[in-house]
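Observations on the model geometry
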Amino acid sequence: MDWTRRDFLKASAAASALAALGSRSALAAEGPPQADTWVKSVCRYCGTGCGLYVGVKGGRVVAVQGDKENHNAGFLCLKGFLLPQIMRAPDRNLHPQIRKGDKLVRASWDEAMDLVARRFKEAIAAHGPDAVAFYGSGQGLTEETYVANKLFKAGIRTNNVDGNPRLCMASAVGGYVTTYGKDEPMGCYEDVDAADVFLLVGSNTAEAHPIIFRRIVERKRKDKNVKVVVLDPRRTPTARIADLHLSFVPGTDLAILNAMAHVLLAEGMVDEPFIAANVAFGEGAEANKALADYKAFLAGYEPAKVAALAGCRAEDIVTAARWFGEKGKASMSMWTMGLNQRTKGVWANNLVHNLHLVTGKIGLPGSTPFSLTGQPNACGGVRDGGALSHLLPYGRLVANEKHRAEMERLWNVPAGTIAPKPGLATIDMFRAMEEGKVKVLYVMCTNPGQSLPNVDRYRKAMRAPGAFVVVSEAFHPTRTSELADVVLPAALWAEKEGVYGCAERRYQLLEAAVKPMGEARPDFQILCDLARRLGHGGLVPFQGPEDAWAEILALSKGTAYDFAGMSRARLKASHGLLWPLPTPDSPGTKRRYVKGADPLVPADAPGPVLFYGRPDKRAVVWMRPQKPPEEVPDAEYPLWYTTGRVIEQWHTGTMTRNCPELRQANYESVAQLHPEDAKALGVKTGDAVRLASRRGAQQFRVRVSDGERAGLVFVHMHDADRMCNKLTIDAVDPISRQPEFKICAVKAEKA
Amino acid sequence: MIPLTVVAGVVIETLPGAQARVAARLAGEPGIELAGGDGDRRIAAVWTGADGAELERLSERLLATDAEVLGIFPTFVGDDGFPDPGGDGD
């Protein structure tokens, strides 16, 4: 089979059209699907959370079909259609393995788990509970992540629980929390159908979230007055549907967003009654300013001045602002890694929220600030579930004494059990391992040996003398499992049961469709086993994930996330439920903070929205100045370097690179260069180029594209053999601790 | 510069029972590849062309000239703005 990108696109197009007709994938590995049973589930890939059915025949997954009753209306992207192929991939991890010298050798479950438990006990006894850590994933099921979080924070008594959402969503969390007091978007996918203006910032929606992009395209097709504004240095496939693509110098988007606000205020497009009733203004960490202060702050962001800094046209900034702010139009913003993976990521998020708050374009159909999510359960399992080092479940904070006491009561553990100090965030965790402070690391369902920025530094840390790494993973080898001391075979997707929560606060049940391959076990079972071996079995007295879910419901009760009415039976019967959903008869909440739609807003609330996440019930417009990225090009490293997705592959490729069709399409990461840069380097498409940053170097083949901005190199992020993260910078946002994957400086030479 | 190629998945809705007749006529349309149908009034197809505007023009023309076509609905839009590695960049 020899597929080109064109072939891939045609197959995707055909699959989507056939899905719309209710036909099943014509690309299933074993020909047209003839399943005996169809089991309701959710796509394993991005955070869109597309509903699907898993077709099973003879105990094997043979096909999938989109769930027409779910938000995706039966549509799936090609990656989703090809999910059956990952289940029996040749590199499925089927047996526990233990490192003996330089090799990993097969072991029994008992042998492996005894060793893991012994190393945990030894490290804790000798160095205290903070000598161990858990690094989880936005791909784990909610119940799995919950068991890990409870075991480490309430059993072992360390808050060293973090995960890969720190790499992708932490700044979005920081943005929502600082602006509204609580995390997660207030809107829903249906808002796409009502929006008149789409502001897509740092999001290649077409490739990273194709089903959401399809919905935007459909909205634009139905109403030719709909405008799409794309803010992105690169002219991505998303930008090609834009009515206005605003390309800019990387790292200047904070100034552009402030300049848009400048125009909104200067041209009277603000909603002053909304502001008076619902908005506070702030600077630094204090919300103690006023609209007049904000106006004074924005005076420094006149469009012409910003355009000169950002390398764009002032009139484009003005146009973007006018379209966004036009009275009577619904405006929806969407963003993802371009904003989040930055050392000023939280600030950049705040500035998008500002546009909605000053215009009052929020909480109305089609008007909402909507952060897109990269993983299927980053929201539900990790963010909402509080499985980051500074969090406790459902909006509670480690550093908050009342929250700790509440969790100790709910978990039935003695007062003072939960350590008051937040644990280590991802980069800090791996640096602590480098320094010998973290001795034992348990990695579940993720691939930090490939996905961390400045990755070679942390690969070395994972193999440092005295370090002990446990990797629970469905595939082996990965660039992480190859570094492990113990590799545990984890059950994969349709082999286990649990809940995923996607970007629109929609929780959905994935039902087990087949038995795990080989000796693989669900992570839920593995973690409960570890808890028992560590003497904390009393914390996890669960017969299965359903029991844990019942406990999780109780933890959410009374919080701003309240989904206490979301029983397992309701999840099973539904095609996803959106929280808040506090009672068994609650229909769920499409638009949060909105009176009449959100059951947590009192019926006698004074206005149509109530931002109840903050004590003063107001959302905050933050004054966030333009600041440059951590590293900018200079004479030695003259090019901008950025990384990202392509539609055919996903994350570190452990799944998509197992699909024959996808292996033929962008399997190899390439360096995309603007024609001017290619000419200056003397390279053409297909030539090799060596890129080097201050941290590392890697050779890539060149793809010349006029979609790239001159002076910027774009490299795909999925290739295990050509790791883009050898070059990326591990500087982090001081608020969210999220690394600045998206921007650093490199030099290039023809190889 | 490299010419852009847009690839779209489309559902073509026809009058009830007209699917086969419309499909036969579409088979001669440049850029259209038929992928399947529901046996009655909907056709799944892949369209390849220079840009979205060209697809729009095709939609308008088919709606104007084929009385049995009721609508053309995109289900997917992608573009192939790059040659494959090994091809010539400019």
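Residues numbered from 1 in each chain as written. Chains lettered and ligands numbered in written order. Predicted model: local features only at pLDDT ≥ 70, side-chain atom pairs only at ≥ 80, totals over all residues. Heavy atoms only, no water.

Details of the overall build of chain B
- Along the backbone of chain B there are two helices and four strands.
- Reading chain B from its N terminus to its C terminus gives the helix and strand order β-α-β-β-α-β.
- Scored against the burial criterion, the 90 residues of chain B give a buried share of 47%.
- Partitioning the contacts of chain B with sequence separation of at least 6, the portion at a separation of at least 24 is 68%. (Helix = DSSP H or I, 4+ residues; strand = E, 2+ residues; numbered from the N terminus. Buried < 20%, exposed > 50% of the residue type's maximum accessible area, 1.4 Å probe, protein only. Contact = heavy atoms within 4.5 Å.)

A few points about the confidence of the model for chain B
- Per-residue confidence for chain B gives a mean pLDDT of 74; residues scoring 70 or more make up 82%.
- Confidence, read as mean pLDDT per element, is least for strand S4 (residues 69-79) of chain B in chain B (75) and greatest for strand S3 (residues 42-49) of chain B (87). (pLDDT = per-residue confidence, 0-100.)

Here we look at the pattern of salt bridges
Residues and elements named next belong to chain A.
- In the structure shown here, the tally under the stated rule is 55 salt bridges over all chains.
- When the shortest N-O distance is used, the salt bridge between Arg383 and Asp183 registers 2.7 Å. One end of the pair, Arg383, is in helix H18 (residues 378-384); the other, Asp183, is in the loop between helix H7 (170-180) and helix H8 (190-194), and 200 residues separate them in sequence.
- The buried category is assigned to Arg383, whose relative accessible area is 3%.
- In this structure Asp183 comes out as buried when scored by relative accessible area, which is 3%. (Salt bridge = Lys/Arg side-chain N within 4 Å of Asp/Glu carboxyl O.)

Looking at unusual backbone geometry
Residues and elements named next belong to chain A.
- Cis geometry marks the peptide bond from His476 to Pro477; its omega dihedral reads 0°.
- Of note, the amide linkage connecting Trp579 to Pro580 takes the cis form, showing an omega dihedral of 0°.
- As for its placement among the helices and strands, Pro580 is situated in the loop between strand S22 (577-578) and strand S23 (619-623).
- Of note, Arg157 is a non-glycine position whose phi angle comes to about 75°, a positive value.
- Residue position: Arg157 is located in the loop between helix H5 (142-156) and strand S7 (161-163).

As for the environment of A:Val398
- Along the chain, the position of A:Val398 falls in the loop between strand S16 (396-397) and helix H19 (401-410).
- It is 8.7 Å that separates the C-alpha atoms of A:Val398 and A:Gly423, two residues lying 25 residues apart in sequence.

Quick word on the pairing of strand S20 (residues 498-501) of chain A
Residue and element names in this part refer to chain A.
- Residues of S20 alternate between two faces, with Gly498 and Tyr500 on one and Val499 and Gly501 on the opposite face, all of them buried.
- Note that S20 and strand S21 (residues 506-510) share four bridges and pair antiparallel. Across the sheet, residue Val499 finds its bridge partner in S21, namely Leu509.
- Joining the antiparallel neighbours S20 and S21 is a turn of four residues, in which Arg505 adopts a positive phi near 65°. (Pairing = 2+ DSSP bridges.)

Re the sheet that holds strand S18 (residues 468-473) of chain A
Residues and elements named next belong to chain A.
- Taking strand neighbours across the sheet as the criterion, the seven strands line up as S5-S4-S19-S18-S17-S6-S7 in an open arrangement whose pairing is mixed. Sheet topology places strand S5 (103-106) and S7 at the edges, where each strand pairs with a single neighbour. Each strand of the sheet is rotated relative to its neighbour by a mean of 20°, with strand direction disregarded.
- When strand S6 (residues 132-136) meets strand S17 (residues 440-444), the two strands line up parallel, connected through four bridges. Each residue of the ladder has a partner; that of Tyr135, found in S17, is Val443.
- On top of the sheet, helix H4 (residues 109-127) reaches strand S4 (97-100), S6, S17, S18 and strand S19 (486-489); it is set at about 130° to S19, its chief contact. (Axes fitted to C-alpha atoms, helices over the stretch in contact; angles between N-to-C directions.)

Quick word on helix H15 (residues 314-325) of chain A
- The first and last C-alpha atoms of H15(A) sit 17 Å apart over twelve residues, in line with the 16 Å expected at 1.5 Å per residue.
- When H15(A) is considered as a whole, its buried residues turn out to be A:Ala314, A:Asp316, A:Ile317, A:Val318, A:Ala320, A:Ala321, A:Phe324 and A:Gly325. (Expected span 1.5 Å × (residues − 1).)

A few points about the side chain of A:Ser556
Residues and elements named next belong to chain A.
- Relative to the assigned elements, Ser556 resides in helix H24 (residues 545-556).
- Among the polar contacts made by the side chain of Ser556, one reaches the main-chain amide nitrogen of Phe563 at a distance of 3.1 Å.
- Residues within four places of Ser556 in sequence aside, it is in contact with Tyr394, Asp562, Phe563 and Ala564. (Polar contact = N/O pair within 3.5 Å; in protein donor to acceptor, adjacent residues only side chain to side chain.)

Topic: the environment of A:Leu577
Residue and element names in this part refer to chain A.
- Here Leu577 lies in strand S22.
- Spatially, the C-alpha atom of Leu577 lies 5.1 Å from that of Arg506, the residues being 71 residues apart in sequence.
- Not counting residues within four places of it along the chain, the set of residues in contact with Leu577 comprises Arg505, Arg506, Tyr507, Met566, Arg570 and Leu571.

Re the packing of helix H20 (residues 426-434) of chain A against helix H22 (residues 455-462) of chain A
Residues and elements named next belong to chain A.
- Across the interface, H20 lies against H22 with an axial gap of 8 Å and an inter-helix angle of 50°. Taken together, the axis directions place H20 and H22 in an arrangement best described as oblique. Every pair of crossing elements has a handedness; the one defined by H20 and H22 is left-handed. Side by side, H20 and H22 meet where Ile427, Phe430, Arg431, Met433 and Glu434 of the first sit next to Arg457, Tyr458, Ala461 and Met462 of the second.
- Along the lines of polarity and charge, the residues of the contact of H20 with H22 split into six nonpolar, no polar and three charged. (Parallel < 35°, antiparallel > 145°, perpendicular 65-115°, else oblique. Left-handed = near helix turned anticlockwise from the far one by under 90°. Nonpolar A, V, L, I, M, F, W, Y, C, P; charged D, E, K, R; others polar.)

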